[in-house]
Amino acid sequence: MVLLGSTGSIGVNALIVAKKFGIEVEVLVCGNNIQLLNEQIQEHNPKVVVVGNQDAVKDVRHSNVLWGEDAILEVIEASKSELVVNALVGFLGLRPTLKALECGKKVALANKESLVAGGAFIDTAKIQPIDSEHFGLWYLLQDRAVEKMTITASGGAFRDWVIEDIHNATLEDTQRHPNWSMGQKITIDSATMVNKMFELLEARWLFGEGQYDAIIETKSLIHALIDYKDGSTTAHFANASMQLPIAYALNKNCNEKILDHVNLLEVGSLEFRKITPERYPVWEIKEDLLKNPEYGVVVNAANEASIERFIAKEICFTDISKNIIKAYNHFKVKPKSIEDVFALDKEVRAFIHANC
Ligand SMILES: NC(=O)C1=CN([C@@H]2O[C@H](COP(=O)(O)OP(=O)(O)OC[C@H]3O[C@@H](n4cnc5c(N)ncnc54)[C@H](OP(=O)(O)O)[C@@H]3O)[C@@H](O)[C@H]2O)C=CC1
Ligand SMILES: CC(=O)[C@@H](O)[C@H](O)COP(=O)(O)O
Ligand SMILES: [Mn+2]
């Protein structure tokens, strides 16, 4: 397989699962974490590796090292593997997703930003999602009439904070996720509830038009629910580990134990909460966005540019959501092609840097 983002939270789990199934690793791609990359090279013996920048190349212990975004596309095209695992973070992942599909490869897609920004121009037939909620929906779907699909949210780092205090939350505060250990950016997205809005769009592109919603389940043990028209509701329970979704994305037949079952007697009780715009202001645009999923590129670019500014301490935490709503109301433009997606992404980022 080709693994993009090998040193990240998903990448590391993907390598554990690949080893379990004896899947050959042809390519490893990462950004700056060269120490971990060198360990991965030693263990998985890839044919080629790509790193984020030229300076890092000299530190990589491999005879075939490339660098930069174009190199990622080149190695996908040159690879023999039929499977590309895209665990890059952010809009950076879109071109590699498109390239892998263009080359006829199957894409195990953790990089949800690919679908959020470019979903209207992506054929999802060869995509297997690596996202716990979408894996849950995929697992639950039966040949029956569906009324509604619901995904769950943890509520993120600030779910129990006094709302007025969230304004001054620090980057460190955003990283205290209640249930999952993930990369920095998605953990911020979880705290703003942007992650769940993205996942609703992701579900819309993966499973087609329909009714989608999200609720908070505080223990992240239920990941998805399907209401069938007959009145029954099914729920996907699994302990909070990405190894199960990854296992199915890498290998269709998982007839061995990947995780321990949820022990309901130990769990005792579950708590569900409504997602409200008072605590999560971006939720205000959720309905309109679901009706107009092509606007996803605007939300994604505004979010990424605002996170950059939050990390640089130029804006406060709650400005991330304010900026997204501001950009959403300003850019009521639907891209007509994938080229429009890239152009609009640039425009929105410039807007956030100049006006917010
Ligand atoms: N973590 C999770 O449990 C889940 C994550 N996802 C999605 O999966 C994706 C990855 O998330 P996660 O693993 O948490 O993120 P991480 O931040 O942990 O990992 C991101 C990976 O991308 C690499 N990377 C970053 N910039 C570049 C670059 N310019 N060139 C090459 N590689 C680069 C990083 O390299 P390095 O670290 O070496 O700089 C790292 O390997 C995201 O889209 C996220 O939303 C979806 C569901 C669950
Ligand atoms: C593990 C996974 O799939 C994440 O997307 C997770 O759902 C994030 O947590 P939140 O539910 O807090 O957004
Ligand atoms: Mn998820």
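To keep things clear, this report deals only with the structure shown in the data block. All figures in this text were calculated on a predicted structure; none of them were measured in a lab.

## A word on the pattern of salt bridges
Consideration 1: Under the definition given, this model contains 25 salt bridges.
Consideration 2: Across the pair Glu-133 and Lys-196 runs a salt bridge whose closest N-O atoms are separated by 2.9 Å. Here Lys-196 lies in helix α10 (residues 194–207) and Glu-133 lies in helix α6 (residues 132–140), a separation of 63 residues in the sequence. The residues Glu-133 and Lys-196 share a single accessibility class, namely buried.
Consideration 3: Bridged by salt links that share partners, the residues Lys-112, Asp-131, Glu-133, Lys-196 and Glu-199 form one connected network.

## Quick word on the site of ligand 2
Consideration 1: The full set close to ligand 2 counts 15 residues, and Ser-132, Glu-133, Ser-154, Ser-190 and Glu-199 are the nearest of them.
Consideration 2: A distance of 2.4 Å separates an oxygen atom of ligand 2 from a polar side-chain atom of Glu-133.
Consideration 3: A distance of 2.4 Å is found between an oxygen atom of ligand 2 and a side-chain nitrogen or oxygen belonging to Ser-154.
Consideration 4: Considered on its own, ligand 2 offers 350 Å² of accessible surface; in the complex 98% of this is hidden by protein.

## Observations regarding the environment of Gln-128
Consideration 1: Within the secondary structure layout, Gln-128 lies in strand β7 (residues 127–129).
Consideration 2: When the C-alpha atoms of Gln-128 and Ile-41 are compared, they prove to be 26 Å apart, with 87 residues separating the residues in sequence.
Consideration 3: In this structure Gln-128 touches Lys-106, Val-107, Ala-108, Leu-109, Trp-138, Tyr-248, Ala-249 and Lys-252, once residues within four positions along its chain are discounted.

Procedures and definitions
- Residues numbered from 1 in each chain as written.
- Chains lettered and ligands numbered in written order.
- Predicted model: local features only at pLDDT ≥ 70, side-chain atom pairs only at ≥ 80, totals over all residues.
- Heavy atoms only, no water.
- Salt bridge = Lys/Arg side-chain N within 4 Å of Asp/Glu carboxyl O.
- Helix = DSSP H or I, 4+ residues; strand = E, 2+ residues; numbered from the N terminus.
- Buried < 20%, exposed > 50% of the residue type's maximum accessible area, 1.4 Å probe, protein only.
- Near = heavy atom within 4 Å.
- Polar contact = N/O pair within 3.5 Å; in protein donor to acceptor, adjacent residues only side chain to side chain.
- Areas by Shrake-Rupley, 256 points an atom, 1.4 Å probe, with all protein chains shown as cover.
- Contact = heavy atoms within 4.5 Å.

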